[in-house]
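Examining the three-dimensional arrangement
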Amino acid sequence: MSSERIDRKSRHEISLIRAAAKINAETHVMVRDAIRPGISTQELNDIAEAHIRKSGGIPTFKGLYGFPATLCISVNDEVVHGIPNPNKILQDGDVVSIDCGTTYKGMVSDSAVTWAVGTISKDLEQLLKATEEGLLAGIAQMVPGNYLEDISGAIEDVCLKYGYGMVRNYGGHGVGRKPHEAPFIHNFRTGERGPRLEEGNVLAIEPMFNLGGDDVYTAEDEWTVITKDHLPSAHFEHTVVVTKGEPEILTLLP
Ligand code: MG
Ligand code: MG
């Protein structure tokens, strides 16, 4: 039911999500620093898994619904849920979405960044910038008293401003005790304002914008989501907590 309240985490739970998010953000930095033409997506995955485990965390995605790896790595026309592979080699001009989840003492954080490999086109630079702008616009709506739909609408407005395709089948979600909690968060308006936001709500906001059309399909590996027109896609995500004042982005990169 749309009026149902969103779960509120305790201060202790939020402190554990914050710790999970710190490991997650450090992992993104390590992966970012390793990205270059010639590296395989499997190598990036292994760097991430080693760092998460060394830090006392657990790779959230490994085994989640049967997913086989620590990172979802999605290149160019792949939108989300790409599986790392030693034969998948990054090339100059690619864009690569790195999606990482870390569980720490039972609490979960989730964040994604799309990086440029070497030098990318101006079109792709703008796609990445716009998708991150959509993420931050959505997050800015995460104040007590706003409705869930305010987040969705702010993301949609940025997507419309640039004229990009909007991925509709995937979106944000509650996060913390489990990797995916209610509510599902559309990246566009549905006409239902949904529940009001309250202090202590923890949400993963994750717009996906396409250079081309909206439509996507799932590949034969039953995981990788790909744009139908095979034009590139970008994906950015943060785990964010609603506070009395400004929203706190827990997964900010150091
Ligand atoms: Mg994610
Ligand atoms: Mg997520």
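The structure reproduced in this document is the subject of the present report. (Residues numbered from 1 in each chain as written. Chains lettered and ligands numbered in written order. Predicted model: local features only at pLDDT ≥ 70, side-chain atom pairs only at ≥ 80, totals over all residues. Heavy atoms only, no water.)

1. A short note on the sheet that holds strand β6 (residues 165–166)
How we decide: A pair of strands is treated as paired once DSSP finds two or more bridges between them. Helix and strand assignments follow DSSP, with helices taken as H or I runs no shorter than four residues and strands as E runs no shorter than two, numbered in order from the N terminus.
Spatial ordering of the open sheet is given by β6-β10-β13, a layout of three strands whose pairing is antiparallel. Only two strands of the sheet have a single neighbouring strand rather than two, namely β6 and β13 (233–235). Note that β6 and strand β10 (residues 208–210) share two bridges and pair antiparallel. The residue of β10 that forms the bridge with M166 is F209.

2. Re the environment of A21
Applied cut-off: It only takes one pair of heavy atoms within 4.5 Å for two residues to be counted as in contact.
Following the sequence through the fold, A21 ends up in helix α1 (residues 11–34). Excluding its chain neighbours within four sequence positions, the residues that come into contact with A21 are S109, L250 and T251.

3. Here we look at the coordination of the magnesium ion (ligand 1)
The criterion, for reference: The rule for donors is simple: an N, O or S atom within 2.8 Å of the metal counts, and for Na, K and Ca the reach is 3.2 Å. Water is not among the atoms, so a site may look short of donors. In this scheme, a residue with accessible area under 20% of its type's maximum is buried, one over 50% is exposed, and one in between is partly exposed, where area comes from a 1.4 Å probe on protein chains only.
Here the magnesium ion (ligand 1) is held by D99 (OD), D99 (OD), D110 (OD) and E237 (OE), and the distances to it run 2.0 to 2.6 Å. Between consecutive donors of the magnesium ion (ligand 1), the numbers of intervening residues give the motif D-x10-D-x126-E. Here the magnesium ion (ligand 1) and the magnesium ion (ligand 2) are spaced 3.1 Å apart, linked through D110, which binds each one. Of the two residues, D99 sits in strand β4 (residues 95–104) while E237 sits in the loop between β13 and β14 (238–241), which places them 138 residues apart along the sequence. A relative accessible area of 1% means that E237 is categorised as buried.

4. A look at the coordination of the magnesium ion (ligand 2)
Only D110 (OD), H173 (NE2), E206 (OE) and E237 (OE) from the protein coordinate the magnesium ion (ligand 2), and they sit 2.1 to 2.2 Å from it. In terms of primary sequence, the donors binding the magnesium ion (ligand 2) are separated according to D-x62-H-x32-E-x30-E.

5. Quick word on the packing of α1 against helix α2 (residues 41–54)
Stated precisely, the cut-off is as follows: To get an axis, fit a line to the C-alpha atoms, keeping to the stretch in contact for a helix; angles then go from 0 to 180 degrees between the N-to-C directions. Crossings are assigned a handedness: left-handed for a near helix turned anticlockwise from the far helix by less than a right angle, right-handed for a clockwise turn. All amino acids are sorted into three groups, where Ala, Val, Leu, Ile, Met, Phe, Trp, Tyr, Cys and Pro are nonpolar, Asp, Glu, Lys and Arg are charged, and the leftover types, Gly among them, are polar.
At a minimum axis distance of 9 Å, the contact between α1 and α2 shows a crossing angle of 145 degrees. As α1 packs across α2, the resulting crossing turns out to be right-handed. Only L44, I47, A48, H51 and I52 of α2 make contact with α1, whose side of the interface consists of I23, E26, T27, M30, V31 and A34. Taken together, the residues that form the contact of α1 with α2 break down as eight nonpolar, two polar and one charged.

6. With respect to the packing of aromatic side chains
Defined as follows: Put simply, two rings from Phe, Tyr or Trp (the six-membered ring, in Trp's case) pair if the centres are within 6.5 Å, and we call them stacked under 30 degrees between planes, edge-to-face over 60, tilted for the rest.
On inspection of all chains with the given rule, the structure shows three aromatic pairs. Centre to centre, the rings of F67 and W223 are 5.0 Å apart; their planes meet at 85 degrees, and the pair counts as edge-to-face. Here W223 lies in the loop between β11 (216–218) and β12 (225–227) and F67 lies in the loop between β1 (58–59) and β2 (71–75), a separation of 156 residues in the sequence. For the pair Y164 and F209, a centre-to-centre distance of 6.5 Å together with 40 degrees between the ring planes defines the contact as tilted. With Y164 in the loop between α4 (148–162) and β6 and F209 in strand β10, this pair connects stretches of sequence that are 45 residues apart. Judged by its relative accessible area of 0%, F209 is buried. One aromatic cluster is present, formed by Y162, Y164 and F209 through successive ring pairs.

7. Section: the side chain of T102
Our working rule: In the analysis that follows, any N or O atom pair within 3.5 Å is treated as a polar contact, provided that within protein one partner can donate a hydrogen and the other can accept it, and provided that, for residues neighboring in sequence, both atoms belong to side chains.
Here T102 lies in strand β4. Within polar-contact distance, the side chain of T102 engages the side chain of N24 at 2.7 Å. The residues touching T102, leaving out its near neighbours within four places in the chain, are A20, I23, N24, I52, G57, I58, T60, M107, V108 and S109.

8. Comments concerning the state of the cysteines
Short version of the rule: The disulfide criterion is simple: two cysteine sulfur atoms within 2.5 Å.
For the structure shown, the criterion picks out zero disulfides. The thiol of C72 is not disulfide-bonded; the next cysteine sulfur, from C100, is found 9.3 Å away. Accessibility expressed as a relative area gives 6% for C72, which makes it buried.

9. A word on the sheet that holds strand β15 (residues 248–249)
On the basis of which strands lie adjacent, the open sheet formed by five strands has the order β8-β7-β9-β14-β15 and antiparallel pairing. A single partner strand is all that each edge strand has here, and the edge strands are β8 (181–185) and β15. As defined by bridge partners, strand β7 (residues 172–174) adjoins strand β9 (residues 202–205) across two bridges and the pair is classed as antiparallel. Pairing of H173 across the sheet is with A204, part of β9. Along the sheet, helix α3 (residues 122–140) contacts β9, β14 and β15; its crossing angle with β14, the most-contacted strand, is approximately 15 degrees.

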